[in-house]
Amino acid sequence: MPTASEPRLARLRPPRTLALPASALAALVVGGAGGALWGVVARGWMRFISARHEFSWEGTRAIILIFAIFGVGQAMAAVLRRSNRARRWQRVGRIVAIATTVPLGIGAGATMLPSTIVGAVALGRTAMPPRWRLVLAALAVVGTLFVLQQLVDDLDLWRAVAGWALMYAVYLPLVWALSRALLPGDKAVPAMRP
């Protein structure tokens with residue numbers, strides 16, 4: 001808890017990580033539910049950037065399921081990290097986190113998958129030299145320019161630019177979540193108090 005002597009802005013700073021429930025099962029359920037909810041947000045964004053406003057329940061369910069799988073994978077990585085098991089289990093958690101990110105690249109998401117993973121590595125691998133992290137972050141941003149070009153080709157300019165800006169609102173939380181799984185092994189992931 002911040003002391004009274006700390007600057008006011010320091011006390012208002014958000015926590016560096018979101019806490020999951022202490023129970024592994026509850027953490028996985030929260031991760032899956034959070035991922036599914038974010039899938040609904042992503043589906044709304046996809047509808048906004050679509051040149052043809054087609055809508056199918058099958059497609060919507062698939063998108064929500066893919067995002068739920070992503071959420072479960074990130075929660076599983078967090079559970080393995082905070083269990084203080086051997087480093088190999090933390091590596092398993094990283095592999096699970098990345099493997100459950102790959103389905104986000106199905107179909108049109110393939111354009112953003114490299115930026116998502118490279119951005120997460122740049123943000124999460126804090127032991128990497130800063131210049132390499134900066135290079136990876138720049139590569140992640142450059143990848144998003146291809147999406148902007150596709151949007152400009154398909155949509156009115158205002159909608160393309162707005163859709164591109166909203167893309168960051170959709171993808172940055174995914175990058176942040178994956179980056180937490182990629183943190184070096186000595187960074188703890190807190191559990192909620194029961």
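Higher on the page you've got the structure.
Rules used in this analysis
Residues numbered from 1 in each chain as written. Predicted model: local features only at pLDDT ≥ 70, side-chain atom pairs only at ≥ 80, totals over all residues. Heavy atoms only, no water. Helix = DSSP H or I, 4+ residues; strand = E, 2+ residues; numbered from the N terminus. Buried < 20%, exposed > 50% of the residue type's maximum accessible area, 1.4 Å probe, protein only. Contact = heavy atoms within 4.5 Å. Areas by Shrake-Rupley, 256 points an atom, 1.4 Å probe, with all protein chains shown as cover. Salt bridge = Lys/Arg side-chain N within 4 Å of Asp/Glu carboxyl O. Lys, Arg positive; Asp, Glu negative; His and termini not counted. Phe/Tyr/Trp six-rings, centres within 6.5 Å; stacked < 30°, edge-to-face > 60°. Patch = residues over 30% accessible without salt bridge, like charges linked within 9 Å, V, L, I, M, F, W, Y side chains within 5 Å. Core = buried A, V, L, I, M, F, W, Y, C linked by side-chain atoms within 4.5 Å.

Engineer: Explanation requested: the overall build of the protein chain in the structure shown.
Structural biologist: Along the protein chain, the regular secondary structure elements total seven helices and zero strands. For the protein chain, the sequential pattern of α-helices and β-strands runs α-α-α-α-α-α-α. A total of 194 residues make up the protein chain; the buried ones form 37% of that total. Here the contacts in the protein chain between residues at least 6 apart in sequence split such that 74% fall between residues at least 24 apart. Within the structure as shown, the protein chain displays about 11,800 Å² of accessible surface, and the carbon and sulfur contribution to it stands at 69%.

Engineer: Whenever I open this one, the pattern of salt bridges confuses me. Can you help?
Structural biologist: Inspection of every chain in the model, using the stated rule, returns one salt bridge. With its nearest N and O atoms 4.0 Å apart, the salt bridge here joins Glu58 to Arg61. Of this pair, Glu58 and Arg61 both sit in helix α3 (residues 57–82), three residues apart, roughly one helical turn. Side by side, Glu58 and Arg61 carry an identical accessibility label, which is exposed.

Engineer: Looking at this structure, I do not really get the side chain of Arg159. What am I missing?
Structural biologist: You can see Arg159 is positioned in helix α7 (residues 157–181). For the buried Arg159, no salt bridge is present, and the opposite-charge side chain at shortest range is Asp156, 5.4 Å distant. Dropping the residues within four chain positions of it, Arg159 is found in contact with Phe48, Ile49, Ser50, Ala51 and His53.

Engineer: Would you explain the packing of aromatic side chains in this entry?
Structural biologist: Centre distance and the angle of the planes are the two values used to describe a pair of aromatic rings. Scanning all chains against the criterion turns up three aromatic pairs. For the pair Trp45 and Tyr171, a centre-to-centre distance of 6.0 Å together with 85 degrees between the ring planes defines the contact as edge-to-face. In this pair, Trp45 is assigned in helix α2 (residues 24–49) and Tyr171 in helix α7, connecting sequence segments 126 residues apart. Note on Trp164 and Tyr168: the rings are 5.4 Å apart at their centroids and 85 degrees apart in plane angle, and the pair reads as edge-to-face.

Engineer: Just to check I follow, could you spell out a nonpolar patch on the surface for this structure?
Structural biologist: A surface patch of nonpolar side chains, amounting to about 310 Å² of accessible area, comprises Trp132, Val135 and Leu139. Here Leu139 is to be found in helix α6 (residues 130–154).

Engineer: Just to check I follow, could you spell out the nonpolar core for this structure?
Structural biologist: Most often, soluble globular proteins keep nonpolar side chains buried together rather than apart. One finds Trp45, Phe67, Leu104, Leu151, Met167, Tyr171 and Leu174 to be the most contacted residues of the largest nonpolar core, which totals 18 residues. Of all elements in the fold, only α2, α3, α6 and α7 reach the threshold of two or more residues within this core. Looking at which element gives the most residues to this core, the answer is α7, with six residues. Sequence-distant contacts of Met167, defined by excluding residues within four places in its chain, comprise Trp45, Met112, Thr144 and Val147. Counting residues in each nonpolar core, the second largest holds seven residues, with Ala97, Val175, Leu178 and Leu182 among its members.

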